[in-house]
Amino acid sequence: MTTAPPTPTAARTSAGAAPAARPQAAGATDPNASMRLREIVFGAAPAAAVRTAAGLQLADALGDSPATAEELAAATGTQPRALRRLLRALASHGVFAETEDGTFVHTDMSRLLRDDSAGSLRHIALWCTEPWTWQAWPRLADAVRTGEGVFPDLFGKSFFEYLHSEGGESARVFDRAMSASSRQAAADMADYVDLTGVRSVADIGGGQGLVLAALLEANPGVAGTLLDLPSVVAGADPRLRDGGALADRVTLVPGDCRDAIPVRADLYIIKNILEWDDASTRATLANVVAAAEPGARVLVIENLVDDSPSMRFTTAMDLLLLLNVGGAKHTQASLTGLMTEAGLTVGEVLPVNAYLHAFESVVAK
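Figured I'd write up the structure that's included with this text. Here the residue numbering is sequential within each chain, running from 1 through the sequence in written order. Only residues with pLDDT of 70 or above have their local features reported here, since the model is predicted, and side-chain atom pairs are shown and tallied only from 80 upward, although totals for entire chains, interfaces and linings are computed over all residues. The basis for every side-chain value is the complete set of non-hydrogen atoms in the structure, without hydrogens or water.

## Thoughts on the overall build of the chain
Threshold: By definition, any uninterrupted DSSP run of H or I lasting at least four residues is a helix, any uninterrupted run of E lasting at least two residues is a strand, and each is numbered from the N terminus. Here the globule rule reads 2.2 Å times residues to the power 0.38, and the radius of gyration is calculated from C-alpha atoms. With a 1.4 Å probe rolled over the protein chains alone, any residue whose accessible area is under 20% of its type maximum counts as buried; one over 50% counts as exposed, and the rest are partly exposed. Contacts are assigned to residue pairs with any non-hydrogen atoms lying within 4.5 Å of each other. Method for areas: the Shrake-Rupley scheme with a 1.4 Å probe, in which residue coverage is limited to the protein chains shown.
The number of helices and strands found in the chain is 17 helices and nine strands. Since a compact globule built from 365 residues should have a radius of gyration of about 21 Å, the 23 Å found for the chain is in line with a globular shape. Once the C-alpha set of the chain is aligned to its principal axes, its extents read approximately 65 × 60 × 40 Å. The proportion of buried residues among the 365 residues of the chain is 42%. Of all intrachain contacts in the chain linking residues separated by at least 6 positions in sequence, the fraction that spans at least 24 positions is 65%. For the chain, the exposed surface amounts to about 18200 Å²; the carbon and sulfur share of it is 56%.

Right, here's the structure in full:
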C-alpha cells in the first residue's frame, strides 16, 4: 500500500509483555489483577486475530507507508469495517499500530507476520492455531487429570499418525512451521557452537538439516551426518543432497533415533526432540551413548520451563505437548537427570537465545 504518510503521527496503542506479577502484602489487592485476568480468559481472541492476519497475509499487504483499513480491505478481499476492528484488536497487542489520522502502520511484531521477513513467524502462528488446537485446548482438564494426551481420543489416531495420514493442509503448515523454526535457530546455533577440534558432527533427528548446514558452512573442515526418518531425510536441505554445495561432506542416514543411532561422530547434536515422552528420551540418549566413543561430546538443545526469559511461551508449548502427544518440556533438573542416567557427564547449561538452552555433555569414559 502506498499512501502519503501522515504528519506527525503517534501510535494510539502500545504493547509489550505484561509486567511480572508482584507479591502483594496480606490483604492488599492488585488493581491490575482483575483486568489482567480478564485479558487471559479472552486469550483466544488475540490468538485468533493473529491467525486471521497470517492467513489473510495482512502484513504482506501493508507496505512501508501507512494505509487505511479500506485500502487494506481491498488488498485482502475483506470487509473494511470488520477489518478495522481486527486491526484495532491486533494493535492493542502491538501487532500493527494505528496512527492519529486512523491509518495503520507496521510494528516490529507485525513485520514478523510477513513472508519476506528474515525471522518470519507467519507459519508458526498458523501452526499454533490450527483447527485441531481449538478442539484440544478445552480438554486440558482431562489431560491434567490423567497426565496423558487427548489427541487419540479426539481423532482416533496418535498425533503424528493423524498428521501424516489425514492432516492435509495442517501437515503442510506443520512442515513449513518446523522449517521456519529451524531456519531461525540455525544462525544462532552456528554462532553458539564451537567446533574447535571437531572433525565430524552428527545431527540426530535434525529434520531437513538446516542447523547442520549452517554449522558446515561456518566450518569448512568438518564433516556431517544427518539422521532422521526416511521421509524426512529424503527432503533434506538441497545443500546436503547430491549435487549440493555441502554434499561431499555429508552423509544422510534414514532411521529412527529411538531404535538405533548407527553413527560415530566427535559431536552429537540433539535439538528439540527429547520432549515427546520420557521413554523416547531415554531410548534416544541410550542409543547415542551406545554409538559414541567415550569422551564424545553431546550437545542437547531444548526449551526450558524454568530459568528462562520466555516462560509464557515455553510453558504454553509445554501444555500443548501434553495435549497432543502427552509430552513435556523439561526443567533444567529433569533433563540433566535423564542425561546423567543415560551415561552422560553434564557440564554447563547455557542460553543459545531467549528460548533455547544448550546442555553441554560428554559420554562418560
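Having seen it, we continue.
## So, a nonpolar patch on the surface
Applicable threshold: Each patch groups residues whose relative accessible area exceeds 30% and which form no salt bridge, using 9 Å between like charges and 5 Å between nonpolar side chains of Val, Leu, Ile, Met, Phe, Trp and Tyr. Any Lys or Arg side-chain nitrogen found within 4 Å of a carboxyl oxygen on Asp or Glu counts as a salt bridge.
Together, Leu-37, Ile-40, Val-41 and Phe-42 line one region of the surface with nonpolar side chains, adding up to about 450 Å² of accessible area. Following the sequence through the fold, Val-41 ends up in helix 1 (residues 33–41).

## A word on unusual backbone geometry
If a residue is not glycine, its phi is most likely negative; likewise, a peptide bond is most likely trans. With a phi angle near 55°, Gln-57 is a residue other than glycine that sits in the positive phi range. Phi at Asn-272 takes a positive value of approximately 55°, unusual for a residue other than glycine.

## Here we look at the side chain of Asn-353
As a reminder of what qualifies: Two N or O atoms form a polar contact when they lie within 3.5 Å of each other; inside protein one atom must be a possible hydrogen donor and the other a possible acceptor, and for residues adjacent in sequence the pair counts only when both atoms belong to side chains.
Inspection of the secondary structure puts Asn-353 in the loop between strand 8 (344–351) and strand 9 (357–363). Accessibility expressed as a relative area gives 16% for Asn-353, which makes it buried. A polar atom in the side chain of Asn-353 sits 2.9 Å from the backbone nitrogen of Tyr-355.

## Here's the deal with the environment of Leu-215
By secondary structure assignment, the location of Leu-215 is in helix 13 (residues 210–218). Taking the C-alpha atoms as reference points, Leu-215 and Arg-172, 43 residues apart in sequence, are found 26 Å from one another. Dropping the residues within four chain positions of it, Leu-215 is found in contact with Met-189, Ala-190, Val-193, Leu-195 and Ile-269.

## Some remarks on the pairing of strand 4 (residues 223–228)
Rules: Two strands form a pair only when DSSP identifies at least two bridges running between them. Call a crossover right-handed when, viewed with both strands pointing away from you, the route from the first strand across the helix to the second goes clockwise.
Here strand 4 lies mainly inside the structure; five of its six residues are buried. In terms of strand pairing, strand 3 (residues 200–204) meets strand 4 through five bridges, oriented parallel. Following the sheet pairing, Ser-200 is matched in strand 4 by Ala-223. The parallel pair strand 3 and strand 4, bridged by helix 13, forms a crossover whose chirality is right-handed. Bridge count for strand 4 against strand 5 (residues 250–254) is five bridges, and the pairing is parallel. Paired with Gly-224 across the strands is Val-250, a residue of strand 5.

## As for the packing of aromatic side chains
Counted only if it meets this: What counts as a ring pair is set by centres within 6.5 Å for rings of Phe, Tyr and Trp (its six-membered ring), and what kind of pair is set by the plane angle: stacked under 30 degrees, edge-to-face over 60, tilted for all other angles.
Overall, the coordinates contain 13 aromatic pairs when judged by the stated rule. The interplanar angle of 65° and the centroid separation of 4.8 Å between the aromatic rings of Trp-127 and Phe-174 together place this pair among those described as edge-to-face. Here Phe-174 lies in helix 12 (residues 169–192) and Trp-127 lies in helix 7 (residues 122–127), a separation of 47 residues in the sequence. Of the two residues examined, Trp-127 and Phe-174, each falls in the buried class. Aromatic pair Phe-159 and Phe-160: ring centres 4.9 Å apart, planes at 75°, arrangement edge-to-face. Here a set of aromatic residues connected by ring pairs shows up, and it is made of Trp-127, Trp-132, Phe-151, Phe-155, Phe-159, Phe-160, Tyr-162, Phe-174 and Trp-276.

## A closer look at the sheet that holds strand 3
The condition that has to hold: Convention adopted: a line fitted to C-alpha atoms gives each axis, helices being fitted over their contacting stretch, and angles between N-to-C directions are expressed from 0 to 180 degrees.
Taken together, the seven strands give an open sheet; going across it, the order is 5-4-3-6-7-9-8, and neighbouring strands pair in mixed fashion. Strands at the two margins of the open sheet, each flanked by one partner only, are strand 5 and strand 8. The sheet shows a mean angle of 20° between the axes of neighbouring strands, direction not considered. Of the pairings in the sheet, the one linking strand 3 to strand 6 (residues 267–271) comprises four bridges and is parallel in character. Paired with Val-201 across the bridge in strand 6 is Leu-267. Strand contacts of helix 17 (residues 332–342): strand 7 (297–302), strand 8 and strand 9, with the helix running at about 150° to strand 8, the strand carrying the most contacts.

## Regarding the pattern of salt bridges
The full count for this structure, using the stated rule, is 21 salt bridges. Here Lys-157 makes a salt bridge to Glu-166, at a shortest N to O gap of 2.9 Å. Residue classification places Lys-157 among the partly exposed residues on the basis of a relative accessible area of 29%. A salt bridge links Asp-266 to Arg-199; its shortest N-O distance comes to 3.3 Å.

## A few points about the side chain of Asp-203
Formally: All tallies of charge rest on Lys and Arg as positive and Asp and Glu as negative; His and the ends of each chain are not included.
Position of Asp-203 among the secondary structure elements: in strand 3. No salt bridge forms around the buried Asp-203; measuring N to O, its nearest opposite-charge neighbour Lys-271 is 8.1 Å away.

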